[in-house]
Amino acid sequence: MADLPMQSDVYALTDLEFFDANPGAPEKLDPDNPEHADWIRAWSRIRDDVVNRMTDKAFFEFFPSAPQKLHPNDPADSTLIDYWNDIHDQIYDGRPGRYNWSTGPPASADSVSSGGTSAPSPAGTGLPDIHDPNFAEEFKKWAHVTLTGGHGAAAVIEVASFWTAEGTVLFSIAEFTTPIGYALMLTDLFSEVIEAFGEGLKREKNRGFLFGLLWEQLGRPDIPWKSPGLNSLGLPDDPFHSDEESAEAFNEGVQEGRAKGREPDVRYGLGMAIAGEMAKQGISIEIAANNVLNELFRQAGHTRFESLDFP
């Protein structure tokens, strides 16, 4: 079996399709230029589509007899969904996953793809029954176990898939109608960041904190800090500190954000916010996570558009 596509393959194809569809776009996108925000969102949407297509292609090469559509509320599909998510995450950010696809599908995959008994799902992740009178509480318990189980983006996608499938029921329950509220309820846990975003090094440290929260939630690696360069007046964005000092402050914030992001209540709250946005808006996990990130920034009075791919 060939290796999975790499992140460089994703970016190369994304750039090709983006500039083909947007011939007037700037040659280099700048996340610190407000005029580029719509271009960056368009590039991200194409990137998400490219990753999904590459994932489907690789998945069906490994499992040619798998159903064309997998159903998150069908236990028979749970293992195949786990495999699809693992392939997706490895293609998306290039990090090793839970399975090594260079040597072929996992040993248990043959029986799964041919209709045999699927491998057991992680303990405690049995799907809640929508007919249960206590469905709302059972859904939250299941989501809590799933989101705090340490599987990053795959866990969020699993919750979002169930949320989408049962959206009519879930969105009729008041608690689930505004899913981004789950993230906003967490602000008491990091009130210093939200209440006093600050300037200079304090701003960069607090930016790093929020990026660290989301990167930890999605199981993504750190992305090096980039100098914002000159502002709209042609002056340095922070004339009082060097790029090295700003990067150090940002990275310190990232580590603190990652530490906070490993707390179960934070993993659950951020995961529910992202999964709910995916289900409610019909968007990818990357766009939903960016929505949550920017809402947290907005709560801190920070109005610049931020992207998880461009710190």
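Our subject in this report is the structure included herewith. (Residues numbered from 1 in each chain as written. Predicted model: local features only at pLDDT ≥ 70, side-chain atom pairs only at ≥ 80, totals over all residues. Heavy atoms only, no water.)

1. Looking at the overall build of the chain
- The helix and strand tally for the chain stands at 13 helices and zero strands.
- Of the regular secondary structure in the chain, the N- to C-terminal order runs α-α-α-α-α-α-α-α-α-α-α-α-α.
- Contacts spanning at least 24 positions in sequence make up 68% of the contacts within the chain whose residues lie at least 6 apart.
- Total accessible area computed for the chain in this model is approximately 15000 Å², and 53% of it derives from carbon and sulfur atoms. (Helix = DSSP H or I, 4+ residues; strand = E, 2+ residues; numbered from the N terminus. Contact = heavy atoms within 4.5 Å. Areas by Shrake-Rupley, 256 points an atom, 1.4 Å probe, with all protein chains shown as cover.)

2. So, the nonpolar core
- Membership of the largest hydrophobic core comes to 47 residues, with the highest contact counts inside it found for Phe-139, Val-159, Trp-163, Met-272 and Ile-274.
- Tallying contributions element by element places helix H12 (residues 264–281) first for this core, with nine residues.
- Once residues lying within four places of it in the same chain are set aside, the contact partners of Met-272 are Phe-139, Ala-143, Leu-147, Val-159, Trp-163, Phe-176, Pro-179 and Tyr-182.
- One finds Leu-4, Met-54, Ile-81 and Trp-101 within the second-largest nonpolar core, a separate group that totals 26 residues. (Core = buried A, V, L, I, M, F, W, Y, C linked by side-chain atoms within 4.5 Å. Buried < 20%, exposed > 50% of the residue type's maximum accessible area, 1.4 Å probe, protein only.)

3. Examining the environment of Pro-221
- Relative to the helices and strands, Pro-221 is located in the loop between helix H10 (200–218) and helix H11 (243–261).
- For the pair Pro-221 and Gly-94, spaced 127 residues apart in sequence, the C-alpha to C-alpha distance is 9.4 Å.
- Setting aside anything within four residues of it in sequence, one finds Pro-221 in contact with Asp-93, Arg-95, Trp-215 and Arg-258.

4. Thoughts on a negative patch on the surface
- A surface patch of like charges, here negative, comprises Asp-243, Glu-244, Glu-245 and Glu-248.
- Tracing the backbone through its elements, the reader meets Glu-248 in helix H11.
- Overall, Glu-248 belongs to the exposed group, its relative accessible area being 58%. (Patch = residues over 30% accessible without salt bridge, like charges linked within 9 Å, V, L, I, M, F, W, Y side chains within 5 Å. Salt bridge = Lys/Arg side-chain N within 4 Å of Asp/Glu carboxyl O. Lys, Arg positive; Asp, Glu negative; His and termini not counted. Charge placed at Lys NZ, Arg CZ, Asp CG, Glu CD.)

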